[in-house]
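What the coordinates show
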Amino acid sequence: LVLTDVVLPGTLDGTRLTQRLRDSRPGLPALFMTGYAEAGTGKAPELAPQDVLLAKPFHRIELAQGIRRALDNEGSSANA
């Protein structure tokens, strides 16, 4: 499981990081978190159908539920 913010410092964002990781590990589940999904580009991030997006701030139970959804979606095309 990769857990990353959508917006990262520098030129690499969370979606590009995840894609690079998936190049060597296809089907890697991903949980993205963000405080502002439209930051930087003016639009929501383009995530794979199986990816989970968690809005900040969140509680521990929401994080646990997001992790569970991401792991359950591994390799599937179901949207979380």
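Attention here is on the structure that accompanies the text. (Residues numbered from 1 in each chain as written. Predicted model: local features only at pLDDT ≥ 70, side-chain atom pairs only at ≥ 80, totals over all residues. Heavy atoms only, no water.)

**Points about the environment of Leu12**
Within the fold, Leu12 resides in the loop between β1 (2-5) and α1 (14-24). Residue Leu12 is classed as partly exposed on the basis of its relative accessible area, which comes to 23%. (Helix = DSSP H or I, 4+ residues; strand = E, 2+ residues; numbered from the N terminus. Buried < 20%, exposed > 50% of the residue type's maximum accessible area, 1.4 Å probe, protein only.)

**Quick notes on the nonpolar core**
When a protein is soluble and globular, its nonpolar side chains tend to lie buried together. Listed in full, the 5 residues of the largest apolar core are Val2, Val6, Leu28, Ala30 and Phe32. In contact with Phe32, other than residues within four places in its own chain, are Thr4, Val6, Gly14, Thr15, Thr18, Leu47, Asp51, Val52, Leu53 and Leu54. (Core = buried A, V, L, I, M, F, W, Y, C linked by side-chain atoms within 4.5 Å. Contact = heavy atoms within 4.5 Å.)

**Some points on the pairing of strand β3 (residues 52-55)**
Across the two faces of β3 the burial differs, with Val52 and Leu54 buried and Leu53 and Ala55 not buried at all. Both strand β2 (residues 30-34) and β3 contribute to a ladder of 4 bridges, which runs parallel. Bridge pairing in β3 places Met33 opposite Leu54. (Pairing = 2+ DSSP bridges.)

Functional significance is not addressed by these values, which are geometric in nature.
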